[in-house]
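Summary of structural features
The chain contents come next:
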Amino acid sequence: MLGHVPSKRERDFLRRISLVMGNRNQLQWGLPALDSFELNRSIYQIPRPDFVALRDELIALLEIGDLVRKPVRQLSLGERMKVEIVGSLLHRPQVLFLDEPTIGLDVTMQKRIREFVALYRQRHEATVMLTSHYMADVEALCERVIVIHHGKILFDGDLAALADTVAAWKTIAVVLENGAGDLSTYGDVIHRDGDLVTFRVPKAETARVTARLLAEQDVLDLNVEDPPIEDVIELVFAREAVE
Amino acid sequence: MTTLRVALLHLRIGVMNDLQYRVNFALQVLQSALALATGLIVIALVYSHVAELNGWSQSELLAVLGTQILMGGVIRMLIQPNMMRLTEDVREGKLDHALTKPVDAQMLVSVREVQVWQAVDILVGATVIAIALVRLGGDLGVFDALAFAVALAFGAVMLYCFWLLLATGSFWIVSMWFLPELFEGVFQTGRWPVGIYPQWLRFGITFLVPIAFAVTVPAEAVTSRLEWQTLALAAGFAVVLFAFTRWFWRFGLRNYTGASA
Amino acid sequence: MSTTPITAPLAQVNRLRSLVDFYLTTMRTAVQQQFQYRAATYMYLVGMVAEPVIYLVVWSTIADQSGGTVGGLTAGEFAAYYIVWTLVRTMNIVFTPYGWEWRIREGELSGQLLRPLHPIHYDLAWFAGGKVPWVLFYLPIAVVLTLVFNPTFDVRPLEVAVFGVAVWGAYLIRTFNQTALGLICFWTTRVGALFQLYIVLELLLSGRLVPLTLFPEWVQTIAWFLPFRWTFYFPIQTLVGDLTNAELLGGLAMQVFWTVVGIGVFSLVWRYAIRRYTAVGN
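Remember, predicted model here, so these are calculated numbers, not experimental data.

1. Re the overall build of chain A
Across its full length, chain A carries nine helices and nine strands. Here the C-alpha atoms of chain A give a radius of gyration of 24 Å, more than 25% beyond the 18 Å that 2.2 N^0.38 yields for 243 residues. Taking the principal axes of the C-alpha coordinates as reference, chain A spans close to 70 × 40 × 30 Å. The burial tally for chain A puts 33% of its 243 residues in the buried class.

In structure tokens:
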């Protein structure tokens, strides 16, 4: 990795990577984050002008100006995550390891963190190695996905390709004038709630089935969706369990 | 009454829980053995230089050591786990679980935790006392034995009150994690007869931290040196302390507001 | 964001200068943090003082009962011994194996191992920095102890100078010994038992319990071959005992020797520990 052998733990290698763990902090608990940043500066030997410039930039970007002056233990979980991430980026790592970074955070904060990491990745051409239970993290940050189950690699490739391989269908949700009757000619009916009917159709058939529905039924509302990534992943694991 | 039954039930569950961890038993035995060895070595060293310390012979001092170890076991088995859990619950705002149960809160927070393996120290302490008695001539009069048991009970009650008073203090001063270590340090004073300490310290470890009542007094009882006035004082102090502790606990509860994260 | 191209080589840093910078920064941070937690520190110090005060009272009582001295020491000299003991103790507090247990359990270790600096530097620097506030907090306690127990003191300037170095020697020896012990956590979670054994040996053979001269001859002989006496007895004796210049400097040399041994043992255990950690995972 990066031209080094990781297990040798050479100093130059370690200076190029960074680890952020969700729900665990590496910053000093009782002191303001700014003091911990200073500590990081000395650990990674970041030249002071670069350090100050990047630090102030990241603080402004995540809007944590007053947070960095309060002791870390007084911050909420989301605020703590923000300062942790800033602390981990100060030495401009090329590889960023994120271990469950959004765990326990509320939805807005999760989005904010994802956006920020994606931005950093883009601007600095850094590599992000992400482990997460949240598929939204995966969707937002990962082009290449590796699914590992019990130490075996089940899949390694594009996120889009993953869906095509494992779950090559789409769902069509329609609200009909009259939802009763046999609709199985259109596709698998996976959900029915009065006049709201949801079909699963093979990807290739989607356009044709949609056209037929619109022509032959009284459609009040129609929605075509890719299978949710959670279902796709679930299928990957399920397939493994069977094979 | 129901409170007693609930208490016993909690105790039983706590014991069964702990019994699962047999490795802890081996570790506890090792720990107790080391502490005992250290205590014995120190006593041997002391008595290699003198024949009696403050009027106590070596065998009599063994009885003091045994009582201190026994009491230590009682504290670490029943009192300390509950009181530390209480301070934790207050700090993390989890006390409401205990407060909303239909039993007396003080009773509940005092019995729900038990560190079974600390009972090893109770056995060790009792054995050391027995050995001391053997070396002293072998017989223990009925009155002495009774006085010993009673003194132990009073001592335990007083130590419980002391710990509960401190734990109740956590309603106001939230951080109390240093208590076990701090107490452990001060409790070591119990290994020696209270008479050797300077006045001010003697007062402190009698009435502020009731170590003299918990260790020296029962040791005096078992070595037939106890005067009935001392036992009466112990009884009186125990009652007063318990009443005060109860009042302070309820006072603290009234002021309690959940301190959430 | 600023646009330093990512493929540029990392700024080459002078190894020694960066280490010094790290130590100073870490020590400063430790000082700040200790001042934040001063109430807890005070509680700890008070508890810590209980131990030597008990020993002091016991041996003073024996001395008084035995016509003034025991083992050649008067009550006043015992007081001096144990009061200096408290200062030495403050200085030789280090990161314990329980700390390593906690570190591994809380997952902090992974983060530590991914830093470009060996965790030992952090521990050494952190605890060293912490000494400054600790000694400051401790001074009033020392004054009180002196007023209460009337120690008899007789020091020369050289003794004070050697003392100043010796306490750091004690610090280093204990750090490396206890870190080596702590690394055993990589193999078992029951390192507490081993550490307890270590503490008991230290208690008896280091002068922590009593001045070593009060022990029978054969115990004193054993103590000579172990590192413990250089973590308590020697530093205390530089101030309290009447050591000749040769003994003072020879003692420092012994501390250097045991520090080197400690570093050696620690480095060896570390190599195997790291191998085990990466093999087994956390």
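2. So, the overall build of chain B
The helix and strand inventory of chain B stands at eleven helices and zero strands. Considering only C-alpha atoms, chain B reaches an extent of 60 × 40 × 35 Å along its principal axes. When each of the 261 residues of chain B is scored for burial, the buried share is 41%. The long-range fraction of contacts in chain B, counting pairs at least 24 apart against all pairs at least 6 apart in sequence, stands at 84%.

3. Remarks on the pairing of strand S3 (residues 127–131) of chain A
Residues and elements named next belong to chain A. Where strand S2 (residues 95–99) lies against S3, five bridges are found, and the strand directions are parallel. Each bridged residue has a counterpart across the sheet, and for Leu96 the counterpart in S3 is Val128. Tracing the backbone out of S2, into helix H5 (residues 107–124) and back to the parallel element S3 gives a crossover that is right-handed.

4. Points about the interface of chain A and chain C
Listed per partner, the contact involves 29 residues of chain A and 26 residues of chain C. Within the residue set of the side of chain A that touches chain C, elements represented by two or more residues are helix H1 (11–14), strand S1 (17–21), helix H2 (33–44), helix H3 (48–62) and H5 of chain A. Per element, the largest residue contribution to the side of chain A that touches chain C is six residues, and it comes from H2 of chain A.

5. Re the packing of H3 of chain A against helix H4 (residues 77–89) of chain A
All names here are of chain A. Here H3 crosses H4 at 155°, and the two axes come no closer than 10 Å. The orientation of H3 with respect to H4, classified from their angle, is roughly antiparallel. Where H3 crosses over H4, the two elements pack in a sense that is right-handed. For the pair H3 and H4, the contacting residues are Leu58, Ile59 and Leu62 in the first and Lys82, Val86 and Leu89 in the second.

6. Considerations on the pairing of strand S6 (residues 169–176) of chain A
Two faces, one strand: in a regular strand the side chains alternate between the faces of the sheet. All names here are of chain A. The sheet contact formed by S6 and strand S8 (residues 196–202) spans seven bridges and is antiparallel. Its bridge partner being in S8, Lys170 is matched across the sheet by Val201. Relative to strand S9 (residues 219–225), S6 is paired through six bridges, and the arrangement is antiparallel. Residue pairing in the sheet places Leu176 in a bridge with Val219 of S9.

7. Description of the environment of Leu9 of chain B
Within the fold, Leu9 of chain B resides in helix H1 (residues 2–19). Residue class for Leu9 of chain B comes out exposed when judged on the 12 C-beta atoms lying within 10 Å of it.

8. As for the sheet that holds S3 of chain A
Residues and elements named next belong to chain A. Read across the sheet, three strands follow the order S1-S2-S3 without closing on themselves; strand pairing throughout is parallel. For this open sheet the edge positions go to S1 and S3, each flanked by a neighbour on one side alone. Looking at each pair of strands side by side, their axes are set apart by 15° on average, direction ignored.

9. Notes on the environment of Phe228 of chain C
Residues and elements named next belong to chain C. With respect to the secondary-structure elements, Phe228 resides in the loop between helix H9 (217–224) and helix H10 (233–240). A C-alpha to C-alpha distance of 5.6 Å links Phe228 and Glu202, two positions 26 residues apart in sequence. The contacts of Phe228, once residues within four sequence positions are left out, are Leu201, Glu202, Leu205, Ser206 and Ala223.

10. Describing the packing of helix H3 (residues 58–91) of chain B against helix H6 (residues 119–136) of chain B
Residues and elements named next belong to chain B. Their axes nearest at 7 Å, the elements H3 and H6 cross at an angle of 165°. The pairing of H3 with H6 is recorded here as roughly antiparallel in orientation. The hand of the H3/H6 crossing is left-handed. A class-by-class count of the residues in the contact of H3 with H6 yields 16 nonpolar, six polar and four charged.

11. A few points about the interface of chain C and chain B
If you look at the interface, chain C gives 29 residues, while chain B gives 24 residues. Those elements giving two or more residues to the side of chain C that touches chain B turn out to be helix H2 (38–65) and helix H8 (191–205) of chain C. Top contributing element to the side of chain C that touches chain B by residue count: H2 of chain C, with 14 residues. Considering only residue class, the side of chain C that touches chain B consists of 20 nonpolar, seven polar and two charged.

12. So, the sheet that holds S9 of chain A
Residue and element names in this part refer to chain A. In spatial order, the strands read S7-S8-S6-S9; together these four strands make up an open sheet with antiparallel pairing. With partners counted over all chains shown, the strands left at the sheet margins are strand S7 (188–193) and S9, one partner each. Across this sheet, the average inter-strand angle for adjacent strands is 20°, counted without regard to direction.

13. Digging into unusual backbone geometry
Residues and elements named next belong to chain A. Even without glycine at this site, Gln45 takes up a positive phi of about 50°. Residue position: Gln45 is located in the loop between H2 and H3. Using a count of 23 C-beta atoms within 10 Å as the deciding quantity, one classes Gln45 as buried. Residue Glu125 is not a glycine yet carries a positive backbone phi of 50°.

14. Concerning the environment of Phe37 of chain A
Residue and element names in this part refer to chain A. Take Phe37: it is sitting in helix H2. Taking the C-beta count within 10 Å as the criterion, Phe37 has 22 such neighbours and is therefore assigned buried. For the pair Phe37 and Leu27, spaced ten residues apart in the sequence, the C-alpha separation amounts to 8.1 Å. Contacts of Phe37, omitting those with residues within four sequence positions, involve Arg55, Gly87 and Leu90.

Quick notes on the rules
Residues numbered from 1 in each chain as written. Chains lettered and ligands numbered in written order. Predicted model: local features only at pLDDT ≥ 70, side-chain atom pairs only at ≥ 80, totals over all residues. Helix = DSSP H or I, 4+ residues; strand = E, 2+ residues; numbered from the N terminus. Rg over C-alpha atoms; globule rule 2.2 N^0.38 Å. Buried ≥ 20, exposed ≤ 12 C-beta atoms within 10 Å, placed from the backbone. Contact = placed C-beta atoms within 7 Å. Pairing = 2+ DSSP bridges. Right-handed = clockwise from strand over helix to strand, strands pointing away. Axes fitted to C-alpha atoms, helices over the stretch in contact; angles between N-to-C directions. Parallel < 35°, antiparallel > 145°, perpendicular 65-115°, else oblique. Left-handed = near helix turned anticlockwise from the far one by under 90°. Nonpolar A, V, L, I, M, F, W, Y, C, P; charged D, E, K, R; others polar.

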